[in-house]
Amino acid sequence: MQMTMNSNQTPPQTPPHTPTLQSRLPNVGTTIFTVMSTLAAEKNAVNLGQGFPDFNCDPKLVHDVTGAMTRGLNQYPPMTGVSELREAVAIKIKAMYAYEYRAAGEITITAGATQAIITAILAVVHPGDEVIVLEPCYDSYVPNIELAGGVVVRVPLTPGTFRPDFGKIAAAITLKTRAIIVNSPHNPSGTVWTRDDMLALQDILAPTNILLISDEVYEHMVFDGQQHQSAARFPGLAARAFIVSSFGKTYHVTGWKVGYVAAPAALTAEFRKVHQFNVFTVNTPVQYGLAAYMADAKPYLELPAFYQRKRDLFRNGLKRTRFKLLPSEGTYFQCVDISSVSELGEADFCKWLTTHIGVAAIPLSAFYGDGFDQRVVRFCFAKKDETLNSALDRLARL
Ligand code: PMP
Ligand code: GLN
């Protein structure tokens with residue numbers, strides 16, 4: 001029998017409802033950085049948790065950006081980034097690492113390193129492809145791989161030292177391995193890969209088709225005379241690498257969210273196919289401002305000394321506490337072992353420290369898929385000296 005309805009009748013009413021859905025990221029909550037920054041604000045704690053400077057960038061950089069706005073550079077830029085900025089990046093990479101990228105086809109400006117990394121992953125990872133991450137690792141990598149339908153293969157860095165174990169890395173490689181993500185200087189541990197580390201990686205990858213995503217956002221924060229070993233220094237790595245960096249870290253403007261990717265033309269072409277549909281273009285006046293500002297190499301050349309002094313100030317102050325200091329060879333992070341200070345696990349300790357001592361930190365367990373707790377927490381020392389001193393005074397009470 002056919003159902004008929006005359007125009008005076010209304011269909012049975014169901015209350016409006018939001019359809020239930022199956023989460024694409026069932027294991028993901030709010031990032032630890034947001035959680036700890038929110039708690040720090042609520043408790044009026046000194047926030048040494050989330051990594052960002054609490055001081056201003058160079059006024060010249062603001063001047064260069066606002067100058068671009070005033071000149072009317074406020075509409076869409078080219079999809080790949082403004083050519084002046086891509087050229088400036090190519091010149092910097094050549095000067096620092098003696099490798100020549102062509103700005104036109106091999107450098108793309110991104111909305112921060114975060115977008116660069118997810119875009120590279122979406123561009124190359126097919127469902128079922130394996131991607132190796134070295135744990136502890138930055139918290140966006142794993143959800144990015146999962147969104148691409150990839151399979152995450154976790155290889156631990158050596159507990160205690162956080163050095164790469166190339167035996168374990170080699171053993172994790174299969175015919176399905178599509179890419180490996182490497183991050184040096186390393187967040188959260190502050191370790192820096194050596195030339196021998198990079199050569200070992202180059203040797204392992206040489207007989208394979210595995211791509212390298214080299215997260216080098218802390219490239220200009222390497223201390224004690226060490227040099228950053230960019231993948232660009234190693235032709236066998238550069239030929240298979242997406243090298244990612246972030247102007248936010250280098251120029252104290254994390255909120256501007258501008259970074260770049262350098263990669264061989266064939267990889268860049270695939271990268272841009274995704275980039276044009278997930279962000280299309282990146283803030284125009286900021287790009288012109290950065291291009292003008294980069295004409296002077298001094299700001300990034302002086303960055304290691306700038307942060308080394310802060311690291312030393314912070315480490316010296318921490319000697320007044322019972323924390324055991326781990327090395328900080330690079331980045332703006334200092335890790336400490338909490339075992340002689342507290343019985344608490346890392347996450348509970350960070351909450352306790354924020355609430356009762358008034359200093360926020362980040363538990364290293366947040367950088368592991370299984371929440372591995374080695375009783376180590378991370379502080380960020382990208383802060384004014386007075387902020388660091390105020391945190392140290394509070395920590396001295398421990
Ligand atoms: N990778 C690492 C290792 C980081 O520490 C950060 C900074 N949060 C990023 C990527 C993201 O950088 P951006 O803010 O430029 O997106
Ligand atoms: N890179 C910074 C950190 O590791 C900030 C990250 C973020 O807020 N997503 O703390």
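On a predicted model such as this, the values are computed, not experimentally measured, just so you know.

## Digging into the site of ligand 2
And then number 1: As a matter of local geometry, ligand 2 sits amid Phe-33, Gln-50, Gly-51, Tyr-138, Asn-187, Tyr-218, Lys-249, Phe-333 and Arg-378.
And then number 2: One nitrogen or oxygen atom from the side chain of Tyr-218 is found 3.5 Å from a nitrogen atom belonging to ligand 2.
And then number 3: Contacts to ligand 2 include Arg-378, whose side-chain N or O atom sits 2.6 Å from an oxygen atom.
And then number 4: Here ligand 2, which alone exposes 290 Å², has 83% of that area covered by the protein.
And then number 5: Residue classes in the shell around ligand 2 are distributed as 4 nonpolar, 3 polar and 2 charged.

## Comments concerning the packing of aromatic side chains
And then number 1: Under the definition given, this model contains 23 aromatic pairs.
And then number 2: Measuring from ring centre to ring centre gives 5.5 Å for Phe-55 and Phe-306, while their planes differ by 75 degrees; the resulting arrangement is edge-to-face. In this pair, Phe-55 is assigned in the loop between strand 1 (46-47) and helix 2 (59-70) and Phe-306 in helix 14 (residues 303-318), connecting sequence segments 251 residues apart.
And then number 3: Residue classification places Phe-55 among the buried positions, given a relative accessible area of 16%.

## Structural notes on the sheet that holds strand 5 (residues 177-183)
And then number 1: What the 7 strands build is an open sheet, ordered 2-8-7-6-5-3-4; its pairing is mixed. Every interior strand has two partners, whereas the edge strands, strand 2 (107-110) and strand 4 (151-156), have only one. Strand-to-strand twist of the sheet, defined as the mean angle between neighbouring strand axes without regard to direction, takes the value 20 degrees.

## Topic: the sheet that holds strand 12 (residues 362-363)
And then number 1: Judged by pairing direction, the sheet is antiparallel, and its 4 strands sit side by side in the order 9-10-13-12 without closing on themselves. For this open sheet the edge positions go to strand 9 (324-325) and strand 12, each flanked by a neighbour on one side alone.
And then number 2: Across the sheet, helix 15 (residues 346-357) is in contact with strand 12 and strand 13 (376-380); its angle to strand 13 comes to roughly 45 degrees.

## Concerning the site of ligand 1
And then number 1: Taken together, Gly-112, Ala-113, Thr-114, Tyr-138, Asn-183, Asn-187, Asp-215, Val-217, Tyr-218, Ser-246, Lys-249 and Lys-257 form the complete shell of residues around ligand 1.
And then number 2: Between Ser-246 and ligand 1, the recorded distance is 2.7 Å, taken from a side-chain N or O atom to an oxygen atom.
And then number 3: A distance of 2.6 Å separates an oxygen atom of ligand 1 from a polar atom in the side chain of Lys-257.
And then number 4: The protein chains hide 93% of the 400 Å² of surface that ligand 1 would expose on its own.

## Remarks on the nonpolar core
And then number 1: Ranked by size, the top nonpolar core spans 65 residues in total, and within it Phe-242, Tyr-307, Phe-323, Tyr-332, Leu-353, Phe-379 and Leu-395 carry the most contacts.
And then number 2: Excluding residues within four positions of it along the chain, Phe-323 makes contact with Leu-318, Val-336, Asp-337, Ile-338, Val-341, Phe-349, Phe-379, Leu-395 and Leu-398.
And then number 3: Core analysis: the next-biggest nonpolar cluster, separate from the first, contains 51 residues, Met-198, Ile-210, Ala-232 and Tyr-260 among them.

## A few points about the state of the cysteines
And then number 1: What the rule picks out here adds up to 0 disulfides.
And then number 2: Take Cys-57: it sits in no disulfide, and the sulfur closest to it among the cysteines is that of Cys-380, at 16 Å.
And then number 3: Judged by its relative accessible area of 11%, Cys-57 falls in the buried class.
And then number 4: Not part of a disulfide, Cys-380 finds its nearest cysteine sulfur in Cys-335, a span of 11 Å.

## Quick look at the environment of Gln-115
And then number 1: Positionally, Gln-115 belongs in helix 5 (residues 112-124).
And then number 2: Take Gln-115: its relative accessible area is 10%, and that puts it in the buried class.
And then number 3: Sequence separation between Gln-115 and Ser-140 is 25 residues; the distance between their C-alpha atoms is 9.9 Å.
And then number 4: Setting aside residues up to four positions removed in sequence, Gln-115 forms contacts with Thr-110, His-275, Asn-278 and Val-279.

## Quick look at helix 12 (residues 284-293)
And then number 1: Of all 10 residues in helix 12, 8 are buried, a share of seventy percent or more.
And then number 2: For helix 12, the set of buried residues is Thr-284, Pro-285, Val-286, Gln-287, Gly-289, Leu-290, Ala-291 and Tyr-293.
And then number 3: Residues of helix 12 that are buried sit in contact with helix 2, helix 3 (83-97), strand 2, helix 10 (247-250) and helix 13 (298-301).
And then number 4: Measuring from the side-chain oxygen of the N-cap residue of helix 12 to the backbone nitrogen of Val-286 gives 3.2 Å; that N-cap residue is Asn-283.

## Details of the packing of helix 14 against helix 16 (residues 385-395)
Angle between the axes and distance between the axes: these two values describe a pair of packed helices.
And then number 1: The interhelical angle for the contact between helix 14 and helix 16, taken along N-to-C directions, is 15 degrees, at an axis separation of 9 Å. What the angle tells us is that helix 14 and helix 16 run roughly parallel. Read as a crossing pair, helix 14 and helix 16 show a hand that is right-handed. Residues Arg-309, Lys-310, Leu-313, Phe-314, Gly-317 and Leu-318 of helix 14 touch helix 16, and the partners they reach there are Asp-385, Leu-388, Asn-389, Leu-392 and Leu-395.
And then number 2: For the contact of helix 14 with helix 16, a count of residues per class yields 6 nonpolar, 2 polar and 3 charged.

The rules behind the values
Residues numbered from 1 in each chain as written. Chains lettered and ligands numbered in written order. Predicted model: local features only at pLDDT ≥ 70, side-chain atom pairs only at ≥ 80, totals over all residues. Heavy atoms only, no water. Near = heavy atom within 4 Å. Polar contact = N/O pair within 3.5 Å; in protein donor to acceptor, adjacent residues only side chain to side chain. Areas by Shrake-Rupley, 256 points an atom, 1.4 Å probe, with all protein chains shown as cover. Nonpolar A, V, L, I, M, F, W, Y, C, P; charged D, E, K, R; others polar. Phe/Tyr/Trp six-rings, centres within 6.5 Å; stacked < 30°, edge-to-face > 60°. Helix = DSSP H or I, 4+ residues; strand = E, 2+ residues; numbered from the N terminus. Buried < 20%, exposed > 50% of the residue type's maximum accessible area, 1.4 Å probe, protein only. Pairing = 2+ DSSP bridges. Axes fitted to C-alpha atoms, helices over the stretch in contact; angles between N-to-C directions. Contact = heavy atoms within 4.5 Å. Core = buried A, V, L, I, M, F, W, Y, C linked by side-chain atoms within 4.5 Å. Disulfide = S-S within 2.5 Å. Parallel < 35°, antiparallel > 145°, perpendicular 65-115°, else oblique. Left-handed = near helix turned anticlockwise from the far one by under 90°.

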